[in-house]
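One letter stands for each residue in the lines below.
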Amino acid sequence: MLDVAIVVAKRKKFIVSSMLVAAVLAAGVSLLIPNTYTGTAQILPPQQQSGASALLGQLSSLGGSVGQSLGVKNPNDTYVAMLNSRTVSDNLIKRFDLSHVYDKESPTDLRTELALRSTIFSGKDGVISIQVDDKNPKRAALLANGYVQELQKLTQTLAVTEASQRRLFFEKQLILAKEGLANAEAALKAVQEKTGLIQLTGQAEAVIRAAAELKAQIGAKEVALGAMRTFATNNNPEIVKLEQELTGMRQQLRKLETGMNAGHGDVSVSTSQVPQAGLEYIRKVRDVKYYETVFELIAKQFELAKIDEAKEGSIIQVLDSAIEPDKKTKPARSIIVLVAALLGLLLAAGKAVLDEVLSKSDAGQRARLSALRDSLRWKS
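Quick caveat: nothing in here was measured; it's all calculated off a predicted structure.

A. Summary view of the environment of Val7. For Val7, the location among the structural elements is in helix H1 (residues 2-10). In the structure, Val7 is positioned 345 residues away from Ala352 in sequence and 6.8 Å away in space, judged by C-alpha atoms. Residue contacts for Val7: discarding those within four places in its chain leaves Ala352, Val353 and Glu356.

B. The pairing of strand S1 (residues 37-44), seen in detail. Strand direction decides the pairing type here: S1 and strand S3 (residues 128-134), joined by seven bridges, are antiparallel. Directly across from Ala41, in S3, lies its bridge partner Ile130. Note: S1 against strand S4 (residues 317-320), three bridges, orientation antiparallel. The residue bridging Gln42 from the neighbouring strand is Asp320, located in S4.

C. Expanded view of the packing of aromatic side chains. Applying the stated rule across the entire model yields two aromatic pairs. Ring geometry for Phe169 against Phe170: centres 5.6 Å apart, planes inclined by 85 degrees, an arrangement best described as edge-to-face. The interplanar angle of 65 degrees and the centroid separation of 4.9 Å between the aromatic rings of Tyr290 and Tyr291 together place this pair among those described as edge-to-face. The exposure class of Tyr291 is partly exposed, given its relative accessible area of 27%.

D. View of helix H6 (residues 107-117). By the burial criterion, the buried members of H6 are Leu110, Glu113 and Leu114. An end-on view of H6 places all buried positions within 95 degrees of arc, on one side of the element.

E. Region of the structure containing helix H4 (residues 86-95). Listed as buried for H4 are Val88, Ser89, Leu92 and Ile93. Projected down its long axis, H4 shows its buried positions confined to an angular sector of 130 degrees, all on one face. Counted as exposed and oriented over 90 degrees from the buried face of H4: Arg86 and Lys94. Just beyond H4, the residue with positive phi is Asp97, at close to 50 degrees.

F. Looking closely at the sheet that holds S3. If you walk across this open sheet you meet the four strands as S2-S3-S1-S4, and the pairing is antiparallel. Two strands in the sheet have a free side with no partner beyond their single neighbour: strand S2 (118-122) and S4. Averaged over all adjacent pairs, the angle separating strand axes in this sheet is 25 degrees, with direction ignored. Relative to S3, S2 runs antiparallel, the two sharing five bridges.

G. A look at unusual backbone geometry. In the segment running from Lys330 into Pro331, the intervening peptide bond is cis, with an omega of -10 degrees. Positionally, Pro331 belongs in the loop between S4 and helix H12 (333-376). Even without being a glycine, Asp97 presents a positive backbone phi close to 50 degrees. By secondary structure assignment, the location of Asp97 is in the loop between H4 and helix H5 (98-101). For Asp103, which is not glycine, the phi dihedral falls at a positive 55 degrees. Along the chain, Asp103 turns up in the loop between H5 and H6.

H. Up close: the pattern of salt bridges. According to the stated counting rule, one finds eight salt bridges in the structure shown. For Arg111, the salt bridge goes to Asp90, with nearest N and O atoms at 2.8 Å. With Arg111 in helix H6 and Asp90 in helix H4, the pair connects residues that are 21 residues apart, well separated along the chain. On the basis of relative accessible area, Asp90 is assigned to the partly exposed category, the value being 24%. Among the salt bridges present, the one from Lys153 reaches Glu150, with a minimum N-O distance of 3.8 Å. Placement of both Lys153 and Glu150 in helix H7 (residues 137-157) is noted, with a separation of three residues, approximately one turn of the helix. A single salt-bridge network, built from bridges that share partners, covers Arg86, Asp90 and Arg111.

Rules used throughout
Numbering of residues begins from 1 in every chain and follows the order in which that chain's sequence is written. Local features in this predicted model are restricted to residues whose pLDDT is 70 or higher, and side-chain atom pairs enter the listing and the counts only when it is 80 or higher, whereas totals over whole chains, interfaces and linings include all residues. Hydrogens and waters are ignored; side-chain quantities use all the structure's heavy atoms. Helix numbering and strand numbering both begin at the N terminus, where a helix is a DSSP run of H or I of at least 4 residues and a strand a DSSP run of E of at least 2. Residue contacts follow a heavy-atom distance rule, with two residues in contact if any of their heavy atoms lie within 4.5 Å. For two strands to be treated as a pair, DSSP must find no fewer than two bridges joining them. Only the six-membered ring of Trp is used, alongside the rings of Phe and Tyr, when aromatic pairs are assigned; centres must lie within 6.5 Å, and planes under 30 degrees apart are stacked while those over 60 apart are edge-to-face, with the rest tilted. Here the term buried applies to any residue with accessible area under 20% of the maximum for its type, exposed to any over 50%, and partly exposed to those in between, with areas from a 1.4 Å probe on protein chains only. Arc, as used here, means the arc of the directions from the helix axis to the C-beta atoms. Every axis corresponds to a line fitted to the C-alpha atoms, with the helix fit spanning only the stretch in contact, and the corresponding angles, defined between N-to-C directions, vary from 0 to 180 degrees. Any carboxyl oxygen of Asp or Glu that lies within 4 Å of a side-chain nitrogen of Lys or Arg is treated as forming a salt bridge with it.

Shape is all these values report; function is a separate question.
Shown next, in the form of structure tokens:
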């Protein structure tokens, strides 16, 4: 170590000048690097409930509840994955015209570039942070907030929680019921124009209304059963109960449509005993009443599902919106200069020691070569 110190002291001018040159060059290069700004947004995602959630509710007068929530152990991971999804990336690329910003044409290259500039992570406190780097401070903030907005749009179309799954299920069923009601009303109008019938007898109308309501209740039960099967097994007690109720209700419907006791002493009128002339009209009326009842029941259940979804906190809460940063985050020019100066110092000192070692080695090598020549010389 003393020999090294002596060498460094001897070559101190070379070492110091090399360090200064490295620092000046690093400073010059760092000035050529454009400033990078980071937009940061923080969100608090919906917290998944642990244990049992609220009951599915009751279908009008039908009763019957459905199973328990199947919670996700760490819901934040789901939202981080959604933020990193291709759907969100493509929407941001199109929305902010990033193909011109990044000067790339390939969608894959654009997604990769955006991913390199974006940092999305979930902290131990349960808050998701979104950081986006950009040369333009305003665009950095807009991109960070754009991630939040795209996530909010995505959660409105995807069912993430158990309550949102129910809401989405009943929403689709409500659309189908609405379409069925519109078609049934159009068919009834066509039959009315064809037959000229506009009103049923009181007895026939009572039978048709009872059959339609019972059929609608069966349909609503089947919808509830389908909703339960999205998150419960067939061995669930509530599913078994619903299936038993459906079996009994179907038997009652068959008796109502064919006439109890095959018409022997039954005071009710079978739908099959309605005069043939109005049979087609009656069927259309029955369809309209059926779809009306189904639509009302599913609409009520859809509203209950939306309330349950709101209770589970399905709305993305923005803790901190990204604001235009007033200070750059990159490059750290002072650190670059210090690191370059340190490297210049080490390299210069290393070169000085190496030159000293080689110079001594060369002197020893020359002495050995001279001894070899002397030993090979012929003596007289």
